[in-house]
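# Working through the structure, step by step
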Amino acid sequence: MGFVEVTLSLLNGLEQTFLIFALTLVLALPLGLVISFGSMSGFKPLAYITKIFVWIIRGVPLMLQVIIVFYVPGFLLGTPLFTRFGSVVAAFVINYACYFSEIYRGGIESIAKGQYEAGQVLGMTKSQIFFKVVLMQVVKRILAPMSNEVITLVKDTALARVIMIVEIIQAAQNYAAYGLMWPLFYTAVFYLVFVGLLSLLFGFFEKKLDYYKV
Amino acid sequence: MVLLEVKDIKKNFGKTEVLKGVSFSLDKGEVLAIIGSSGSGKTTLLRCLNFLEHADSGSFSVDGETVFDAAVEYSDHEIREKRLKFGLVFQSFNLFPQYSVMENLTLAPKLALKKKKLSAAEKKAAIAEIEQKAAELLARVGLAEKRDAYPCQLSGGQQQRVAIARALALKPEILCFDEPTSALDPELTGEVLRVIKGLKGEDRTMVVVTHEMEFAKNVADKVIFMADGVIEEIGTPEEIFEHPQSEKTKAFLNSSLEKMY
Ligand SMILES: Nc1ncnc2c1ncn2[C@@H]1O[C@H](COP(=O)(O)OP(=O)(O)O)[C@@H](O)[C@H]1O
Ligand SMILES: [Mg+2]
């Protein structure tokens, strides 16, 4: 087994890893905001239901959630609801949206009441206050915890192989099955590059937002 | 000419009666100073005027038009229109940290434009006017050269002057100040008080809650001493400071004099 061949097949796996990562991020970022609004809702039943939902999703291992999304609809309905890949993305999106929602909630609740009141006395609407005044301050506040969560997501994608998705670790394990171990260790390099690039990106955002303090 | 007429405002928080029936009136161009010990309801009164609190009973009118009546439920939209008759400068400035000084002044006026249906040319003219007005106001508070600075780059006194300009940008009929210098180091209070004093020269109607007795004495046309949610005494600065009638007023003035020396 040559180095080039292994690298190419790991890159194939990395493509799956990246797709799971990117789709999860793109969908979970806005969904998390919706969930955080639910958990902060003045309508108490909605707030309670949302909080219980978040508790369950954060309390059950993600690996189990992936398995549930893939197998349970099949048991109940006779046909699976999602493809393997679809199941992984669905489970990841819900799971990460819940984590994000808690980060958003913490960020939103940390904004001083005076910021809302200043907007109010200047005649701004609730949504103007949220989008024009509060949001950028929240973004700055949550950048560090979000960067942690996003980096965790990169590595969590490896859980997808529990339902036979050939992401990068699974691609390497396919070699291990033939007694070839080094590709498995080699995957670390890909993860490190991936995470390194993300860290640079977050560092760039942090710098961009350096001009103001919240 | 009476501009502001406040009638029997009452406000409870749960079982605590914070305002127990406050009535007063203010002429156009007058400056009203409200003094009183902490917890007497001064902030709550300003917050009721600015629709940050909904008074439980009472009403107030501006220029003869009732803008608030506790018996009426107002929609968010109505409140937004009515509250613009008032401006409020907070103790803690509450500038928007992510916006430059200039943007802090123009944000709300520009957002208000969006609700109006204007042609592209009208809109452009309106925006230019907002920006010009904001620049004038900044010059007015002595901060023309700080237009592109961010709040975190300003001293407390400068931030408060920006906050004053920001409130003025919306052309309120009555500008309220809630202890505008209490969060400032003593050496910075002067610059803010001078700006407020300067506004009086422009015939602005203002309500200033303050602990600066010298300022109240020299700048106000009318002084209210509040105690326990009621107006204990109201009068000209001479009447309140030189010839206070109420024992509570006397005690308060004595204790604030002691603090000064
Ligand atoms: N949102 C609130 N909830 C409950 N109590 C409040 C609230 N706001 C003010 N109070 C109470 O009302 C009283 C008057 O407060 P305030 O108007 O801030 O007085 P002042 O500005 O004169 O110091 C205080 O006892 C305060 O604890
Ligand atoms: Mg107060």
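Quantities reported herein were computed from a predicted structural model and do not represent experimental measurements. (Residues numbered from 1 in each chain as written. Chains lettered and ligands numbered in written order. Predicted model: local features only at pLDDT ≥ 70, side-chain atom pairs only at ≥ 80, totals over all residues. Heavy atoms only, no water.)

## Focus: the overall build of chain A
On a plain count of helices and strands, chain A comes out with eight helices and zero strands. Overall size of chain A, expressed as C-alpha extent along the three principal axes, is 70 × 45 × 20 Å. Residues classed as buried in chain A amount to 46% of the 214 residues present. Counted over contacts in chain A with a minimum sequence separation of 6, partners at least 24 positions apart contribute 77%. (Helix = DSSP H or I, 4+ residues; strand = E, 2+ residues; numbered from the N terminus. Buried < 20%, exposed > 50% of the residue type's maximum accessible area, 1.4 Å probe, protein only. Contact = heavy atoms within 4.5 Å.)

## Quick look at the site of ligand 1
All names here are of chain B. Looking at ligand 1, the residues that line it are F13, V18, S37, S38, G39, S40, G41, K42, T43 and T44. Between S40 and ligand 1, the recorded distance is 3.2 Å, taken from a backbone N or O atom to an oxygen atom. In isolation ligand 1 offers 560 Å² of accessible surface; the protein chains occlude 58% of this area. Considering each element in turn, the shell around ligand 1 owes the most residues, three residues, to helix α1 (residues 42–49). For the shell around ligand 1, the class distribution of residues is two nonpolar, seven polar and one charged. (Near = heavy atom within 4 Å. Polar contact = N/O pair within 3.5 Å; in protein donor to acceptor, adjacent residues only side chain to side chain. Areas by Shrake-Rupley, 256 points an atom, 1.4 Å probe, with all protein chains shown as cover. Nonpolar A, V, L, I, M, F, W, Y, C, P; charged D, E, K, R; others polar.)

## Remarks on the environment of A:Q173
All names here are of chain A. Assignment of secondary structure puts Q173 in helix α7 (residues 168–176). The sequence separation of Q173 and K155 amounts to 18 residues, and the corresponding C-alpha distance is 16 Å. Apart from the residues within four sequence positions on either side, Q173 is in contact with R161 and L184.

## Some remarks on the pairing of strand β6 (residues 86–89) of chain B
Residue and element names in this part refer to chain B. Residues F86 and L88 point to one face of β6 and G87 and V89 to the other, with burial holding for every one of them. As judged from the four bridges shared by β6 and strand β7 (residues 174–178), these two strands associate in the parallel manner. Following the sheet pairing, L88 is matched in β7 by C176. (Pairing = 2+ DSSP bridges.)

## Observations concerning the sheet that holds β6(B)
All names here are of chain B. The six strands lie next to each other as β6-β7-β8-β3-β9-β10, forming an open sheet whose pairing is mixed. Pairing within the sheet leaves two strands with one partner each, and these edge strands are β6 and β10 (230–235). Across the sheet, the axes of successive neighbouring strands diverge by a mean angle of 20 degrees, strand direction being ignored. Here strand β3 (residues 31–36) runs beside strand β9 (residues 222–227); their pairing, made up of five bridges, is parallel. (Axes fitted to C-alpha atoms, helices over the stretch in contact; angles between N-to-C directions.)

## Description of helix α8 (residues 182–208) of chain A
Residue and element names in this part refer to chain A. Here α8 spans 40 Å end to end across 27 residues, near enough to the 39 Å set by a 1.5 Å rise per residue. What α8 keeps buried is the set P183, L184, Y186, T187, F190, Y191, F194, V195, L198 and F202. Tucked into the core, α8 has its buried residues touching α1 (3–39), α6 (126–156) and α7. (Expected span 1.5 Å × (residues − 1).)

## Notes on the nonpolar core
A:F92, B:L4, B:I9, B:F60 and B:F86 are the most contacted members of the largest nonpolar core, which totals 104 residues. Of all the elements, helix α4 (residues 84–109) of chain A adds the most residues to this core, at 13 residues. Every residue in contact with B:F60, bar those within four places of it in the chain, is listed here: B:E5, B:V6, B:I9, B:C48, B:L49, B:F51, B:E65, B:T66, B:V67, B:F68 and B:F86. Membership of the second largest hydrophobic core comes to 34 residues, among which are B:A149, B:V162, B:F177 and B:I196. (Core = buried A, V, L, I, M, F, W, Y, C linked by side-chain atoms within 4.5 Å.)

## Considerations on the pattern of salt bridges
Under the defined criterion, the tally for this structure stands at 18 salt bridges over all chains. A salt bridge links B:R140 to B:E202; its shortest N-O distance comes to 2.1 Å. Placement of B:R140 in helix α4 (residues 120–140) and of B:E202 in the loop between α6 (186–200) and β8 (205–209) is noted, with a sequence separation of 62 residues between them. A salt bridge links B:K200 to B:D221, with the nearest nitrogen and oxygen atoms 2.9 Å apart. Placement of the pair is B:K200 in helix α6 and B:D221 in the loop between α7 (213–219) and β9, with a sequence separation of 21 residues. Members of the salt-bridge network, linked through shared partners, are A:R58, A:E102, A:R105 and A:E109. (Salt bridge = Lys/Arg side-chain N within 4 Å of Asp/Glu carboxyl O.)

## Concerning the environment of A:S199
Within the secondary structure, A:S199 sits in helix α8. Spatially, the C-alpha atoms of A:S199 and A:M164 are 29 Å apart, while their sequence positions differ by 35 residues.

## Overview of the interface of chain A and chain B
If you look at the interface, chain A gives 21 residues, while chain B gives 25 residues. Between chain A and chain B, a total of about 2100 Å² is buried, with carbon and sulfur atoms accounting for 63% of that surface. Inspection of the chain A/chain B interface yields two salt bridges. The shortest N-O distance in the salt bridge between A:K126 and B:D76 comes to 3.6 Å. If you look at where chain A meets chain B, you find nine residue pairs in polar contact (both at pLDDT 80 or more). Contributing elements (two or more residues each) for the side of chain A that touches chain B: α5 (113–121) and α6 of chain A. Considering each element in turn, the side of chain A that touches chain B owes the most residues, seven residues, to α5(A). Grouping the amino acids of the side of chain A that touches chain B by side-chain chemistry returns nine nonpolar, eight polar and four charged. (Buried area = accessible area lost by both parts, 1.4 Å probe.)

## Some points on the packing of α1(A) against helix α2 (residues 44–59) of chain A
When two helices pack together, their arrangement is captured by the angle between the axes and the distance separating the axes. All names here are of chain A. Between α1 and α2, whose axes approach to 7 Å, the crossing angle comes to 130 degrees. Classified by the angle between their axes, α1 and α2 sit oblique to one another. Contacts between α1 and α2 pair I35, G38 and S39 from the former with L46, A47, T50, K51 and V54 from the latter. Split into classes, the residues belonging to the contact of α1 with α2 amount to four nonpolar, three polar and one charged. (Parallel < 35°, antiparallel > 145°, perpendicular 65-115°, else oblique.)

As far as function goes, none of this settles anything; it's purely spatial.
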